[in-house]
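What the coordinates show
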Amino acid sequence: MRPMAILTDEQVAQYHEQGWISPVDVLFADEAAAALAALEEAEAAFPDDLHAENRNNAHLVLPFLAELALHERVLDCVRSLVDDPLTLSSSVLFAKAPHTGSYVSWHQDATYMALAPADFVTPWLALTPSTVEGGCVSVIPGTHQGGIVPHTDAFGNDNILTRGQYVEVDASTAVDLVLEAGQMSLHHPHLVHGSQPNRTDDRRVGVAFQSYLGSGVRPTRGEHHVVALGDRPVDPAFRVVPWPTGTCTPEGRAVRAAANAAYSDVLYDGAEVRRLL
Ligand SMILES: O=C(O)CCC(=O)C(=O)O
């Protein structure tokens, strides 16, 4: 018999009505500290592979991040929210240095992801505490209900979102998703969310597994490199790539570079400016 799901019926109902759930416990404090230490060790050893401009798909070169992406508590929650998840499409390391202006403008993830239907979910796992002062993720509840709304690209220097795209919102209705290290939030691909600068003395680090795709999701354009969550066949519309076998191995780097290049083409479709991914 399957063990009881982590998310309660009330939490699942909240996800469908409000577009988010938070907080959910994933790691014990010592496990979260070990994950942060593993990341910081890798950042020091491979500075060209892991930095603010090269933050996508690090789960393809970091085995500890791959393990987190496959963590049973993460997958259990994902299974409660999307229909038969088979793949993870990408990940983003969102690190904000202390006392910097880095922020994320209000946006809906699915705008440029070129995936449909919107049967996918993004867990955001905190590797450090994520507080209001530290610039935690904030959401505008219920905004996933109206589909994708037009975004404006703004490419601000401090805006760490891909194209700096934004939508106008009533920020007074925002809910701050405060997390302890080792906790995660989950958000719907149409939910408007963003984050403010880190005004603390400490880094704020989280990883967004963006996103776990239900088995009925397909690309609407572009090439999508995904990792499989199990042995079940994945639709040939996706390119299934291997999980890493070591930290920043030449093979892993090549897999990640190809995935990032393809993802960049998808995300920057029609954009006038491109950042390094
Ligand atoms: O980490 C942040 O500040 C923003 C995260 C975000 O936009 C996302 O996970 O989609």
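Residues numbered from 1 in each chain as written. Predicted model: local features only at pLDDT ≥ 70, side-chain atom pairs only at ≥ 80, totals over all residues. Heavy atoms only, no water.

Things to note about the overall build of the protein
- When you go through the protein residue by residue, the secondary structure sums to five helices and 15 strands.
- Taken over the C-alpha trace, the protein has a radius of gyration of 17 Å; the compact-globule value for 277 residues is 19 Å, and the two agree within 12%.
- Counting only residues that meet the buried cut, the protein has 51% of its 277 residues in that class.
- In the protein, once contacts between residues fewer than 6 apart in sequence are set aside, the share between residues at least 24 apart is 85%.
- Counting every atom, the protein has about 12,100 Å² of accessible surface; 54% of that belongs to carbon and sulfur.
- The distance from the centre of the 17 positive side-chain charges to the centre of the 35 negative ones in the protein is 5 Å. (Helix = DSSP H or I, 4+ residues; strand = E, 2+ residues; numbered from the N terminus. Rg over C-alpha atoms; globule rule 2.2 N^0.38 Å. Buried < 20%, exposed > 50% of the residue type's maximum accessible area, 1.4 Å probe, protein only. Contact = heavy atoms within 4.5 Å. Areas by Shrake-Rupley, 256 points an atom, 1.4 Å probe, with all protein chains shown as cover. Lys, Arg positive; Asp, Glu negative; His and termini not counted. Charge placed at Lys NZ, Arg CZ, Asp CG, Glu CD.)

Things to note about the side chain of His188
- As for its position among the elements, His188 is in the loop between β9 (183–187) and β10 (192–195).
- Sequence-distant contacts of His188, defined by excluding residues within four places in its chain, comprise Tyr15, Gly19, Ala118 and His144.

Digging into the environment of Asp158
- Within the secondary structure, Asp158 is located in the loop between β7 (137–139) and β8 (175–176).
- The class for Asp158 is partly exposed, based on a relative accessible area of 40%.
- Sequence separation between Asp158 and Val104 is 54 residues, and the spatial gap between their C-alpha atoms is 8.3 Å.
- With residues near it in sequence (within four places) discarded, Asp158 still touches Gly101, Ser102 and Tyr103.

Re the sheet that holds strand β4 (residues 104–108)
- Spatial strand order, β4-β10-β7-β8: four strands in an open sheet with antiparallel pairing. The strands lining the two open edges of the sheet, one partner per strand, are β4 and β8.
- Where β7 and β10 come together, three bridges link them in antiparallel fashion. Across the sheet, residue Val139 finds its bridge partner in β10, namely His193. (Pairing = 2+ DSSP bridges.)

Quick word on the nonpolar core
- With 43 residues, the main nonpolar core has Leu62, Leu68, Leu125 and Tyr212 as its most contacted residues.
- Among residues more than four places away in sequence, those in contact with Tyr212 are Ala69, Val74, Leu75, Val78, Val82, Thr87, Leu88, Asp119, Phe120, Val121, Pro123 and Leu229. (Core = buried A, V, L, I, M, F, W, Y, C linked by side-chain atoms within 4.5 Å.)

Quick look at empty space enclosed by the protein
- A full pass over the atoms with the stated rule returns four cavities of 30 Å³ or more.
- The computed volume of the largest cavity comes to approximately 310 Å³.
- In terms of lining residues, the largest cavity is bounded by 29 residues, among which Phe94, His107, Asp109, Leu161 and Gln210 are the most central.
- Sorting the residues of the lining of the largest cavity by element identifies β3 (91–96), β4, β10, β11 (204–209) and α5 (250–267) as the ones contributing at least two each.
- Class assignment for the residues of the lining of the largest cavity results in 13 nonpolar, 11 polar and five charged.
- Considering only enclosed or pocket space, the second largest cavity measures out at about 80 Å³ in volume.
- Surrounding the second largest cavity, Asn57, Ser89, Ser90, Glu223, His224, His225, Val226, Ala259, Ala262 and Tyr263 form its lining.
- Looking at the lining of the second largest cavity, the elements that each hand over two or more residues are β14 (225–228) and α5.
- The greatest single-element share of the lining of the second largest cavity, amounting to three residues, is contributed by α5.
- Here the residues of the lining of the second largest cavity sort into four nonpolar, five polar and one charged. (1 Å grid on protein atoms, 1.4 Å probe; cavity = no way out; pocket = protein on both sides within 12 Å on 5 of 7 lines; lining within 4 Å. Points joined across faces, edges and corners; volume = space filled by probe spheres on them. Nonpolar A, V, L, I, M, F, W, Y, C, P; charged D, E, K, R; others polar.)

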